[in-house]
Amino acid sequence: MSSSTNKPGFTGMVTPRRYSTMTSLRNVTPQAKGNYPQSPSLIRNFSNPMFRSNSTQLSVSGSSALDLGVSEGAASPLGTLDRYPRPSVLNLQDASSYRTESFDSAASSFSKTGRIPSSGAGELPLLGSDIITSIRICPVDRHNNNLWTHGTVLNDPYGREYIHQDTNSNSSSLQQEYMFNHVFGIESDNLNIYQNSVASVVRNVFSGYNGIVFAYGMTGTGKTYSMQGTEDEPGIIPLGMRDLFNMVESNAESDTFQIRISYLEIYNERIRDLISDSQEEPKVREGANGEVIVSPMARVLVTSPEDVSQVIEQCNAIRKTAATDYNTYSSRSHAILQVFLIRNSQSTHTTRTSTLSLVDLAGSERASTDHERRKEGAFINKSLLTLGTVISRLSNSVNGGASSNNNHIPYRESKLTRLLQQSLSGQSQISLLATISVEARHAVETTNTLKFAMRTQNLPTEIRQAEASTNYQAEVSSLRAALVKSNQELEICTNILKQFKSDLEERDAYISWLEAEKSHESAISRARLRMEELLSDRNMEIADLKEEINDKEKIIYALRSSQQRRELAELNQSKIRFSKFRDLPNKYVPEESEKENVNC
Ligand SMILES: Nc1ncnc2c1ncn2[C@@H]1O[C@H](COP(=O)(O)OP(=O)(O)OP(=O)(O)O)[C@@H](O)[C@H]1O
């Protein structure tokens with residue numbers, strides 16, 4: 001069955017068909033309550049120090065068919081609520097406010113904001129008591145004259161609540177006081193009960209603890225009414241689902257969540273998966289860590305409180321109910337709704353699964369006249385008897401009162417105790433809602449229910465947060481994503497590096513070019529210098545040569561002049577000689593300048 005298919009319009013809360021005829025009971029006016037038991041807070045003046053001491057069990061004899069194992073061992077002493085938080089000094093005026101602060105505010109503080117302070121998958125301390133026991137008094141026909149003749153509801157300045165019972169029969173007489181975390185009178189409604197007794201369990205489930213809420217009581221006393229409620233008055237299951245989804249929604253930024261549910265019934269000692277169509281009967285076995293595993297068992301994913309309501313509604317239609325002497329629509333089976341909260345921490349990559357078990361037990365009852373009902377009743381009573389024995393022995397072992405014969409805890413004697421083994425042995429926070437009738441004719445059943453609830457207070461507790469396992473898939477995918485990111489970054493870095501390298505090479509090349517240029521220039525300038533030196537040498541040589549040439553020219557000139565003179569002189573001599581040859585009348589007379597040259 002899938003919660004996401006065939007989803008009808010929003011129906012709000014679970015509306016079991018069996019509640020259609022209950023309006024007359026609910027319309028009882030406060031004025032007409034008569035000697036109806038009210039919640040202790042309404043009769044606070046009845047407080048009496050006497051009730052804080054242990055009461056005396058006067059005499060008990062005989063046993064009833066409905067004595068569901070709770071009479072085993074010594075009578076439980078009054079006031080075993082050691083785990084009940086209480087202030088060391090408290091005066092009367094503070095008492096009422098104390099109750100409100102210790103439970104109500106703790107339970108409802110988160111619902112104001114919906115936000116739970118989270119540290120990863122959550123190392124939050126357990127909120128409230130390990131075990132919360134509450135009694136709910138079922139409203140009865142106000143015309144019944146035998147009302148509550150055998151009991152009184154009381155409380156004390158510490159906010160603890162009591163039922164004082166005084167039962168007499170031909171064979172036995174008993175006066176007993178029982179103390180509980182809460183006693184809800186007829187005026188209490190489901191919301192009131194949820195806020196005080198169950199909200200802290202739901203909140204702890206959100207924080208990673210396991211929790212179990214179970215309704216126990218005689219048939220027809222309002223177990224299913226309290227667990228499922230009506231459209232007008234939603235019960236513990238729809239209220240719890242609303243809170244859980246609110247918390248998930250408010251914390252969805254830091255973590256991711258998945259909520260799955262399974263729903264089964266135990267009918268005549270056979271387990272039936274109410275969600276799956278499979279005909280195979282689920283088997284109970286023990287897991288590697290001692291955990292109880294039921295398989296095959298469907299676990300459907302739900303995404304809203306309405307999804308849960310729808311699944312429950314469909315399953316309830318096939319649950320075993322029948323008319324009994326006391327209840328027109330009596331549950332003939334124990335119903336267990338399990339809510340699995342799977343929380344993935346984004347920061348630590350761990351997954352933690354915490355479980356909330358919501359158990360609506362079939363009611364204990366006297367032998368019926370109808371054969372079929374008698375057979376069912378025998379199974380119901382036997383499993384409740386085993387539950388009583390298990391609880392009795394567990395609580396005795398906690399108090400150190402178990403004899404060696406009674407050390408054995410008979411979990412395996414019924415499917416119910418087998419399924420609840422882990423929760424009962426201390427690994428879950430427990431909230432027990434025991435429903436009672438105050439009618440005189442049901443005094444024995446009421447006594448048994450009260451004893452059962454008292455015993456439950458002494459169950460062992462070693463509640464730890466569910467183990468967080470590493471979410472390898474998430475871790476691998478996150479590592480993969482990180483790797484892809486790193487690779488991309490690496491690629492970018494490599495490209496930048498390449499770019500740098502090429503820039504560097506370019507720069508080096510430029511530098512070497514500049515250096516080459518520089519050395520070239522200096523070579524040029526050196527060559528220029530050299531050239532200039534050479535040039536000046538040449539110039540000097542030229543000047544020397546010029547001077548030399550000058551000298552030479554002078555010499556040449558002088559030589560030429562002397563040559564000319566010599567030639568002139570020779571010419572003159574030649575002339576003379578010539579004139580001698582020709583009569584010498586025209587004798588050659590040299591001029592003055594010619595005479596000088598000849599002298600040189
Ligand atoms: N607090 C209440 N206010 C109004 N009606 C109630 C209340 N408690 C019980 N009833 C009515 O009493 C009848 C029996 O209640 P219910 O079916 O819840 O009892 P039960 O304990 O689950 O019985 P059984 O064990 O036989 O299944 C129902 O009609 C229901 O509506």
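Source: prediction; values computed, not measured.

1. Overview of the packing of helix α5 (residues 236-250) against helix α6 (residues 305-316)
Thinking step 1. Contact geometry for α5 and α6: axes closest at 9 Å, N-to-C directions at 150°. Classified by the interaxial angle, the pair formed by α5 and α6 is roughly antiparallel. With respect to the hand of their crossing, α5 and α6 are arranged in right-handed fashion. Of the residues in α6, those in contact with I237, M241, R242 and F245 of α5 are P305, V308 and I312.

2. Here we look at the side chain of E233
Thinking step 1. One can find E233 in the loop between α4 (223-228) and α5.
Thinking step 2. Judged by its relative accessible area of 9%, E233 falls in the buried class.
Thinking step 3. At 2.7 Å, the side chain of E233 and the backbone nitrogen of N190 are in polar contact.
Thinking step 4. Separated by 2.7 Å, the side chains of E233 and Y225 make a polar contact.

3. Examining the pattern of salt bridges
Thinking step 1. Taken as a whole and judged by the stated rule, the model has 11 salt bridges.
Thinking step 2. Where R242 meets D243, a salt bridge forms, and the shortest distance between an N and an O atom there is 3.8 Å.
Thinking step 3. Relative accessible area serves as the criterion here: at 5%, D243 is assigned to the buried category.
Thinking step 4. Within the structure, one salt-bridge network assembled from shared partners comprises R270, E281 and K415.

4. A closer look at the UniProt feature "binding site: ATP" (unreviewed entry) in the chain
Thinking step 1. When the UniProt feature table is mapped to this numbering, "binding site: ATP" (unreviewed entry) covers G217, M218, T219, G220, T221, G222, K223 and T224.
Thinking step 2. Take G217: it is sitting in strand β6 (residues 210-217).
Thinking step 3. Not counting residues within four places of it along the chain, the set of residues in contact with G217 comprises K223, A362, G363, S364, T435 and T449.
Thinking step 4. The residue G222 is located in the loop between β6 and α4 in this model.
Thinking step 5. For G222, a relative accessible area of 19% corresponds to the buried category.

5. Focus: the pairing of strand β7 (residues 255-267)
Thinking step 1. For β7, the buried fraction is high: 10 of the 13 residues fall into the buried class.
Thinking step 2. The pairing of β7 with strand β14 (residues 334-345) spans 12 bridges and is antiparallel. Its bridge partner lying in β14, F257 is registered against R343.
Thinking step 3. Examined bridge by bridge, β7 and strand β11 (residues 300-302) share three bridges and lie antiparallel to one another. Bridge pairing links R260 to L301 in β11.
Thinking step 4. For β7 and strand β8 (residues 270-273), the ladder comprises four bridges, and the chain directions are antiparallel. Across the sheet, residue L264 finds its bridge partner in β8, namely D273.
Thinking step 5. In this structure, the hairpin formed by β7 and β8 is closed by a connection of two residues, where N268 is found at a positive phi of approximately 50°.

6. Describing the confidence of the model for the chain
When pLDDT is low, close inspection of the predicted coordinates is not appropriate.
Thinking step 1. Counting all residues, the mean pLDDT for the chain is 74, and 67% of those residues have values of 70 or more.
Thinking step 2. Mean pLDDT values for the elements of the chain range from 28 in helix α1 (residues 23-26) up to 96 in α5.
Thinking step 3. Per-residue pLDDT stays below 50 along residues 1-34; that stretch engages in 64 contacts with residues further than four places along the chain or on separate chains.
Thinking step 4. Throughout residues 42-122 the model reports pLDDT below 50, and contacts reaching past four residues in sequence, or to other chains, amount to 184 contacts.

Criteria and thresholds
Residues numbered from 1 in each chain as written. Predicted model: local features only at pLDDT ≥ 70, side-chain atom pairs only at ≥ 80, totals over all residues. Heavy atoms only, no water. Axes fitted to C-alpha atoms, helices over the stretch in contact; angles between N-to-C directions. Helix = DSSP H or I, 4+ residues; strand = E, 2+ residues; numbered from the N terminus. Parallel < 35°, antiparallel > 145°, perpendicular 65-115°, else oblique. Left-handed = near helix turned anticlockwise from the far one by under 90°. Contact = heavy atoms within 4.5 Å. Buried < 20%, exposed > 50% of the residue type's maximum accessible area, 1.4 Å probe, protein only. Polar contact = N/O pair within 3.5 Å; in protein donor to acceptor, adjacent residues only side chain to side chain. Salt bridge = Lys/Arg side-chain N within 4 Å of Asp/Glu carboxyl O. UniProt positions renumbered as here; feature names shortened; annotations may be inferred. Pairing = 2+ DSSP bridges. pLDDT = per-residue confidence, 0-100.

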